[in-house]
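Inside the fold
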Amino acid sequence: MLEVPEEVVDAPVAQVAPDTSAAPAPARRGRTTLLVAGAALLGVVAGACAGYLIQADRAPTKLPPLSQPRLAQAKGKAPEPLSAAQDRQLRADGDLRKLLLKRPAGAKTADWLTGEDGWMDMAEYADTYTRPATAFRDLARSEFRRAAVTGWRYGGTYDVEIRLVQYRQLESNGAADSNDNDQYWADAKPSTESRPVPGTGDGMAYVHRRPHTEAGYLPQYKAEAYARRGDIAMEIFVTDTKPVPEAKIMDLAKRQMERL
């Protein structure tokens, strides 16, 4: 919080009484000025009276009509309403799970996903952060609306998780704030390479070259992507026991954003 400086009070200035003994006698110019001012005032009043009399003798000026001319309606065929496939907002307000990428052939449904039937409530989504209580409070302020999630495992080690998080955005820009926050932390990780996701404006994909290691587990290489469209923020996570190619995370991000 900025400190407000104390108010500066000017020191009082000593009043010096005038030396009346040395002051000159009053001049008569003051009365002369008063007489001139009085004459000028009488002239103004007389001019106003004369102007009123002249205006009273004139015929009244006709006022313009209060109603405005009627505008002709434009001719032509009214445009057709957007179809459900073209109206992005209509699709976004529908079943959000239908906008998620489909599980590819040969992949298994992920058994680690949080939520129920493809949905995550605010508490479940907040629990994906390192500080769930703080995240829950921030999500409430950001007007969290809902989150849809899907994921799959391909082979024995290649895992994918995709989330679409939607915000109400009545008093805040939740999707943009979430996108900026996720990108900040992804870029802050060591040994990270980042690339813009084409066609998304500010979408970014990140490949982490340093694996996550933990005793008793194989090394985990990770890649992630974040983008937004309207009130929806997209999150994609890919993990594998070997380095994740940039082409894989980029392909997932582009195809998922095309569905939005």
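These numbers come from a predicted model, not from an experiment.

**Considerations on the packing of aromatic side chains**
Within the structure shown, the criterion is met by six aromatic pairs. When the ring of Y125 is compared with that of Y129, the centres are 5.7 Å apart and the planes differ by 90°; the resulting orientation is edge-to-face. Geometrically, the ring pair formed by F144 and Y167 is edge-to-face, given 6.3 Å between the ring centres and 90° between the ring planes. Placement of F144 in strand β3 (residues 144–154) and of Y167 in strand β4 (residues 158–167) is noted, with a sequence separation of 23 residues between them. The pair F144 / Y167 is uniform in exposure class, with both members buried. Members of the aromatic cluster, each reached through a chain of ring pairs, are Y125, Y129, F144 and Y167. Looking at K248, its charged tip hangs above the ring of Y158, at a distance of 4.3 Å from the centre.

**Concerning the pairing of strand β6 (residues 204–212)**
In the sheet, strand β5 (residues 192–196) pairs with β6 via five bridges, with the strands oriented antiparallel. By the bridge assignment, E193 is partnered in β6 with V207. Inspection of the sheet shows β6 paired to strand β7 (residues 220–229) by six bridges, in the antiparallel sense. Pairing of H208 across the sheet is with K222, part of β7.

**Section: the pattern of salt bridges**
Counting across every chain of the model gives eleven salt bridges. With a closest N to O distance of 3.1 Å, E224 and K189 form a salt bridge. Separated by 35 residues along the polypeptide, E224 in strand β7 and K189 in the loop between α5 (174–188) and β5 bring together distant segments of the chain. Exposure remark for E224: the relative accessible area of 5% places this residue in the buried category. A relative accessible area of 37% places K189 in the partly exposed class.

**Here's the deal with the confidence of the model for the protein chain**
Detailed conclusions should not be drawn from predicted coordinates in areas where pLDDT is low. With 65% of its residues at a pLDDT of 70 or more, the protein chain has an overall mean of 80. When the criterion is pLDDT under 50, residues 1–42 qualifies, and its contacts beyond four places in sequence or with other chains add up to zero contacts.

**Comments concerning the side chain of N179**
Locating N179 in the fold gives a position in helix α5. Classification of N179 by relative accessible area gives buried; the value is 1%. The contact partners of N179, leaving out residues within four places of it in the chain, are D202, Y226, A227 and R228.

**Focus on unusual backbone geometry**
For D117, which is not glycine, the phi dihedral falls at a positive 55°. According to the relative accessible area criterion, D117 is exposed, its value standing at 60%. Of note, the phi angle at S191 is positive, near 55°, even though the residue is not glycine. Mapped onto the fold, S191 is located in the loop between α5 and β5.

**A few points about the nonpolar core**
Ranked by size, the top nonpolar core spans 29 residues in total, and within it L164, M234, I236, V238, I249 and L252 carry the most contacts. A per-element tally of this core places helix α6 (residues 246–258) first, with five residues. When sequence neighbours within four positions are dropped, the list of residues in contact with L252 reads L101, W152, Y158, V160, I236 and V238. Counting residues in each nonpolar core, the second largest holds 13 residues, with M122, F144, A147 and A175 among its members.

**Quick notes on the layout of surface pockets**
In this model, the largest pocket occupies a volume close to 1,200 Å³. Lining of the largest pocket is provided by 39 residues; of these, T128, Y129, T130, D182 and Y226 occupy positions nearest its centre. Among the secondary structure elements, those contributing two or more residues to the lining of the largest pocket are α3 (122–126), α4 (132–141), β4, α5, β7 and β8 (232–240). Among the elements that make up the lining of the largest pocket, the one with the highest residue count is α5 (eight residues). The residue makeup of the lining of the largest pocket, split by class, is 16 nonpolar, ten polar and 13 charged.

The rules behind each value
- Residues numbered from 1 in each chain as written.
- Predicted model: local features only at pLDDT ≥ 70, side-chain atom pairs only at ≥ 80, totals over all residues.
- Heavy atoms only, no water.
- Phe/Tyr/Trp six-rings, centres within 6.5 Å; stacked < 30°, edge-to-face > 60°.
- Helix = DSSP H or I, 4+ residues; strand = E, 2+ residues; numbered from the N terminus.
- Buried < 20%, exposed > 50% of the residue type's maximum accessible area, 1.4 Å probe, protein only.
- Lys NZ or Arg CZ within 6 Å of the ring centre and 35° of its normal.
- Pairing = 2+ DSSP bridges.
- Salt bridge = Lys/Arg side-chain N within 4 Å of Asp/Glu carboxyl O.
- pLDDT = per-residue confidence, 0-100.
- Contact = heavy atoms within 4.5 Å.
- Core = buried A, V, L, I, M, F, W, Y, C linked by side-chain atoms within 4.5 Å.
- 1 Å grid on protein atoms, 1.4 Å probe; cavity = no way out; pocket = protein on both sides within 12 Å on 5 of 7 lines; lining within 4 Å.
- Points joined across faces, edges and corners; volume = space filled by probe spheres on them.
- Nonpolar A, V, L, I, M, F, W, Y, C, P; charged D, E, K, R; others polar.

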